[in-house]
Structures are given as structure tokens and as C-alpha cells.
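Each chain, letter by letter, is given below.
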Amino acid sequence: MKTHSIITIKTLEDLHAFAARLKQYLALPAILALTGDLGSGKTAFTQQLAEAYGINELLPSPTFTLSNVYKQHDLLFVHADLYRLMDTDEITLLGLSDYFAEPNTVTVVEWADRLTALFPPQTIWLHLTLLEDNSRLLTVKSANKEFWWRFESKSGELSR
Ligand SMILES: Nc1ncnc2c1ncn2[C@@H]1O[C@H](COP(=O)(O)OP(=O)(O)OP(=O)(O)O)[C@@H](O)[C@H]1O
Ligand SMILES: [Mg+2]
């Protein structure tokens, strides 16, 4: 079984196209865990994915509130950022994992590596690396068989 895929994102337009394609491979509820250096594009990706779901106005990254929840018709789009997470007790307050099994919910978590143990095996991990020429290398990793099955059956490409 495929477990990872690496793609190059050169511009915000590429990121837009990537997010739109990725959406096609997601089954809800979906959990996306984002990792990568400061400024590598985690929030930019979240914005593009939200847009793919019809949410056009994403609030600034929820670094201080830890999570923002958007409702778009039947869909719940949860944007969390664990950058400030210092104490694992905080996660209880956040109640983030409650969203993981909610029907019709997409949960996107920036700085997910701050609490790796929170994420179930079906999580789709996206790691962003900022390269010198300002392009991004995006690694998709997951043990979610259904995700890869959809990925392979629908052309097997995440960007073009
Ligand atoms: N693929 C891209 N092409 C061009 N610019 C990008 C791309 N991705 C992100 N950027 C720009 O890089 C800057 C930082 O991006 P962003 O805030 O999304 O990073 P981040 O990973 O969320 O950072 P943080 O770690 O602070 O949360 C923004 O100005 C954003 O518009
Ligand atoms: Mg961010």
C-alpha cells in the first residue's frame, strides 16, 4: 500500500490546486495534521482547503484561541493551531479530539507534532518544507488505506 507522496508547490496557485485535489480524496470526518517550520505555509494551506469547501473568510490562524470552528451548510470546518500548546492538559479544554469523529467535519490542525499522540491512524499528515527558492515541498503521509485507495483510483496525482 502507498503510504506517502511528495509534491512541489511553487506558488499560491499551486497550493490552491493541491487543496482542491486533496479535497476529492477526503472522506468525512477527515483529520489533517499539519507540520513544518514557521512560515512554511500551514495557514495558507488551511485557507485554500477552507475555500475548496466554500468557506471564503478564514479568521487569522487561531494561535491564541487554539481553535476556530466554521459552519458551512452541513459542514463543520475546524481550524486549530497547537503552536502555543505547552501543557497537555490544555487539550482537554480544547476538546479538539471530540471533532475527530463528528460527521461532516474537517479538522485541520497546525503544529500537530506538538501532540502527535492525539491523532488517530486515519489522520492525514502534511509536512511542509520551505525551500530556498520560496517553493514548498509537501509530503503527504497517512496510514489511512481508504484515502490512498481513493487517491490511486482518481488519477493518483495531487498536483499537475
Ligand atoms: N505556496 C506558497 N506560495 C507562496 N507563498 C506562500 C505559499 N504558502 C505560504 N505562503 C506565504 O508565506 C507566508 C507564511 O505562510 P503561513 O502563514 O501560511 O505559514 P505557517 O506555516 O502557517 O506559519 P506559522 O508557523 O507561523 O503558523 C504567508 O505570507 C503566505 O502567504
Ligand atoms: Mg500558521
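Quick notes on the rules
Residues numbered from 1 in each chain as written. Chains lettered and ligands numbered in written order. Predicted model: local features only at pLDDT ≥ 70, side-chain atom pairs only at ≥ 80, totals over all residues. Heavy atoms only, no water. Donors = N, O, S within 2.8 Å, 3.2 Å for Na, K, Ca; no water. Helix = DSSP H or I, 4+ residues; strand = E, 2+ residues; numbered from the N terminus. Buried < 20%, exposed > 50% of the residue type's maximum accessible area, 1.4 Å probe, protein only. Pairing = 2+ DSSP bridges. Expected span 1.5 Å × (residues − 1). Contact = heavy atoms within 4.5 Å. Near = heavy atom within 4 Å. Polar contact = N/O pair within 3.5 Å; in protein donor to acceptor, adjacent residues only side chain to side chain. Areas by Shrake-Rupley, 256 points an atom, 1.4 Å probe, with all protein chains shown as cover. Nonpolar A, V, L, I, M, F, W, Y, C, P; charged D, E, K, R; others polar. Core = buried A, V, L, I, M, F, W, Y, C linked by side-chain atoms within 4.5 Å. Phe/Tyr/Trp six-rings, centres within 6.5 Å; stacked < 30°, edge-to-face > 60°. Arc of directions from axis to C-beta.

Draft legend 1. Quick peek at the coordination of the magnesium ion (ligand 2). Bound to the magnesium ion (ligand 2) are the protein donor atoms Thr-43 (OG1) and Glu-110 (OE), situated 2.1 to 2.2 Å from the metal. Residue Thr-43 is found in helix α2 (residues 42-52), and its partner Glu-110 is found in strand β5 (residues 105-110); the two are separated by 67 residues along the sequence. Residue classification places Thr-43 among the partly exposed positions, given a relative accessible area of 22%.

Draft legend 2. Spotlight on the pairing of β5. In terms of burial, β5 is a largely internal element, 6 of the 6 residues being buried. Side-chain alternation along β5 places Thr-105, Thr-107 and Val-109 on one buried face and Val-106, Val-108 and Glu-110 on a second face that is also buried. Two strands pair when backbone bridges link them, and strand β2 (residues 30-36) and β5 are joined in this way by 5 bridges, in the parallel orientation. Its bridge partner being in β5, Leu-34 is matched across the sheet by Glu-110.

Draft legend 3. Summary view of helix α1 (residues 12-25). Over its 14 residues, α1 runs 20 Å from end to end, which matches the ideal 20 Å to within 8%, given 1.5 Å per residue. All buried positions along α1 are accounted for by Leu-15, Phe-18, Ala-19, Arg-21, Leu-22 and Tyr-25. Those residues of α1 that are buried lie in contact with β1 (4-9), β2, α2, β6 (124-130), β7 (136-142) and α4 (145-153).

Draft legend 4. Representation of the site of ligand 1. Taken together, 14 residues are adjacent to ligand 1, and Gly-39, Gly-41, Lys-42, Thr-43 and Ala-44 come closest. With respect to ligand 1, the backbone of Thr-43 contributes an N or O atom lying 2.8 Å from an oxygen atom. Surface burial for ligand 1 is 68%, taken as the share of its 630 Å² of free accessible area covered by protein chains. Looking at the shell around ligand 1 element by element, the count peaks at 3 residues for α2. Of the residues contributing to the shell around ligand 1, the split by class is 5 nonpolar, 5 polar and 4 charged.

Draft legend 5. Molecular detail of the environment of Leu-126. Tracing the chain through its elements places Leu-126 in strand β6. Aside from chain neighbours lying at most four places away, what touches Leu-126 is Phe-18, Leu-22, Leu-32, Ala-33, Leu-34, Thr-35, Phe-45, Leu-138, Thr-139 and Val-140.

Draft legend 6. How the structure looks around the nonpolar core. Phe-18, Leu-32, Phe-45, Leu-49, Phe-77, Leu-126 and Leu-138 are the most contacted members of the largest nonpolar core, which totals 30 residues. Grouped together as the second largest cluster of nonpolar side chains are 16 residues, Ala-33, Leu-66, Leu-85 and Leu-96 included.

Draft legend 7. Expanded view of the packing of aromatic side chains. Inspection of the entire model under this criterion finds 11 aromatic pairs. Relative to Trp-111, the ring of Tyr-83 has its centre 4.9 Å away and its plane inclined at 50 degrees; by these criteria the two rings are tilted. Here Trp-111 lies in the loop between β5 and β6 and Tyr-83 lies in the loop between β4 (75-81) and α3 (90-94), a separation of 28 residues in the sequence. The exposure class of Tyr-83 is partly exposed, given its relative accessible area of 31%. Judged by centre distance (4.9 Å) and plane angle (70 degrees), the rings of Phe-147 and Trp-148 are edge-to-face. Each of the two residues, Phe-147 as well as Trp-148, counts as buried. Connected via pairs of aromatic rings, a cluster forms that spans Tyr-25, Phe-147, Trp-148 and Phe-151.

Draft legend 8. Up close: α4. Looking only at α4, the buried set comprises Phe-147, Trp-148, Arg-150 and Phe-151. The arc that holds every buried residue of α4, seen down its axis, measures 160 degrees, which confines them to one face. Exposed and oriented more than 90 degrees from the buried face of α4 are Lys-145, Glu-146, Trp-149 and Glu-152. Contact partners of the buried residues in α4: β1, α1, β6 and β7.

Shape descriptors only; they carry no functional weight alone.
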